[in-house]
Amino acid sequence: MKRNILKFIISLVVLSSFAPVFAQSAIKQDALVLYKNGRFKESIAVCEQELSVNPNRIESYVVMCWSLVGNRQYSEAEQRALDGLKISPYDLRLTEVLGEARYFLGKNNGAMEQFQKYVANAPESGGRVGTAYYYMGEIYIRQARYQHADISLSAAVKKEPLIDKWWVRLGYAREMAQNYYEAVEAYDEALRLNGSSVEADRGRTRASAKLN
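Residues numbered from 1 in each chain as written. Predicted model: local features only at pLDDT ≥ 70, side-chain atom pairs only at ≥ 80, totals over all residues. Heavy atoms only, no water.

Caption draft 1: The arrangement of the overall build of the protein in detail. Helices and strands together make up the secondary structure of the protein, namely eleven helices and zero strands. Start at the N end of the protein and walk to the C end: the helices and strands fall as α-α-α-α-α-α-α-α-α-α-α. In the protein, which comprises 212 residues, the proportion classed as buried is 42%. In the protein, once contacts between residues fewer than 6 apart in sequence are set aside, the share between residues at least 24 apart is 47%. (Helix = DSSP H or I, 4+ residues; strand = E, 2+ residues; numbered from the N terminus. Buried < 20%, exposed > 50% of the residue type's maximum accessible area, 1.4 Å probe, protein only. Contact = heavy atoms within 4.5 Å.)

Below, the structure written as structure tokens:
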């Protein structure tokens, strides 16, 4: 009887020693799951909790910044990304999300610098290379540098060919550069992916008219 009680006490001690690790893993997982489900405010709160326990936890900075951008808190996302990069200067995820925050803040040059750094160092597969090229293309459109926008957006759709919005923007960049035949091709691809796209339909009509 005493032996069984002793075993029970030992098992309780062992489990209690692992409890903080299990709790931290659950918090980390919850933050990412919350972000993926669009529950950005809750994800931010979980990341804040993690950072209160360990201020150097890079994963928390990354997920928090993604959630802040998702929640349109761009100034906060920029600051948090900079804070994270002080701890881990070469974290490419923070580099890319800093570019996104600055893009939405209208800081075109600062955003472009981050995106260029990201695509130059990110692995060929996975990650957010397509997204970075897309935002680079949008910045070039803002700057009326349409040939550059064509190059960046072409790289974006090569990485992720199933996003109709990106094909629409590629069509627009080509249309503005007066490359009407190529513009029609891009708009056609957008319509193939999404036949109800009003932007693609209107763009195709405009570009086609220039060919006649």
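Caption draft 2: Seen up close, the pattern of salt bridges. Applying the stated criterion across every chain yields a total of 14 salt bridges. Residue Glu-59 pairs with Arg-93 through a salt bridge whose shortest N-O separation is 3.0 Å. Separated by 34 residues along the polypeptide, Glu-59 in helix α3 (residues 58-70) and Arg-93 in helix α5 (residues 92-104) bring together distant segments of the chain. Judged by relative accessible area, which is 30%, Glu-59 ranks as partly exposed. What makes Arg-93 partly exposed here is its relative accessible area of 29%. For the salt bridge of Lys-107 with Glu-78, the shortest nitrogen-to-oxygen distance reads 3.0 Å. With a gap of 29 residues between them, Lys-107 in the loop between α5 and α6 (108-121) and Glu-78 in helix α4 (residues 74-87) connect regions that are remote in the sequence. (Salt bridge = Lys/Arg side-chain N within 4 Å of Asp/Glu carboxyl O.)

Caption draft 3: Summary view of the side chain of Arg-102. Structurally, Arg-102 can be placed in helix α5. Those residues in contact with Arg-102 that sit more than four places away from it in its chain are Glu-78, Leu-82, Lys-107, Gly-110, Ala-111 and Gln-114.

Caption draft 4: Representation of the packing of helix α7 (residues 129-142) against helix α8 (residues 146-159). Look at α7 against α8: their axes get within 8 Å of each other, and the N-to-C directions meet at 160 degrees. Classified by the angle between their axes, α7 and α8 sit roughly antiparallel to one another. Pair α7 / α8 crosses with left-handed handedness. Across the interface between the two elements, Val-129, Gly-130, Tyr-133, Tyr-134, Met-136, Gly-137, Tyr-140 and Ile-141 of α7 pack against Tyr-146, His-148, Ala-149, Ser-152, Leu-153, Ala-155, Ala-156 and Lys-159 of α8. In terms of residue class, the contact of α7 with α8 is made up of eleven nonpolar, four polar and one charged. (Axes fitted to C-alpha atoms, helices over the stretch in contact; angles between N-to-C directions. Parallel < 35°, antiparallel > 145°, perpendicular 65-115°, else oblique. Left-handed = near helix turned anticlockwise from the far one by under 90°. Nonpolar A, V, L, I, M, F, W, Y, C, P; charged D, E, K, R; others polar.)

Caption draft 5: Examining the packing of aromatic side chains more closely. In this structure the tally under the stated criterion is nine aromatic pairs. Ring centres of Tyr-74 and Phe-104 lie 4.6 Å apart, and the angle between their planes is 10 degrees; on these two criteria the pair is classed as stacked. Of the two residues, Tyr-74 sits in helix α4 while Phe-104 sits in helix α5, which places them 30 residues apart along the sequence. With relative accessibility at 35%, the residue Phe-104 sits in the partly exposed group. Site record: aromatic cluster; members linked through ring pairs are Tyr-74, Tyr-103, Phe-104, Phe-115, Tyr-134, Tyr-135 and Trp-166. When the ring centre of Tyr-103 is taken as origin, the NZ or CZ atom of Arg-142, which lies over that ring, is 3.9 Å away. (Phe/Tyr/Trp six-rings, centres within 6.5 Å; stacked < 30°, edge-to-face > 60°. Lys NZ or Arg CZ within 6 Å of the ring centre and 35° of its normal.)

Caption draft 6: Focus on the environment of Leu-211. You can see Leu-211 is positioned in helix α11 (residues 198-211). Leu-211 gets classed as partly exposed once you look at its relative accessible area, which sits at 45%. For the pair Leu-211 and Asn-179, spaced 32 residues apart in the sequence, the C-alpha separation amounts to 9.8 Å. For Leu-211, the residues in contact, after removing those within four places along its chain, are Tyr-180, Tyr-181 and Val-184.

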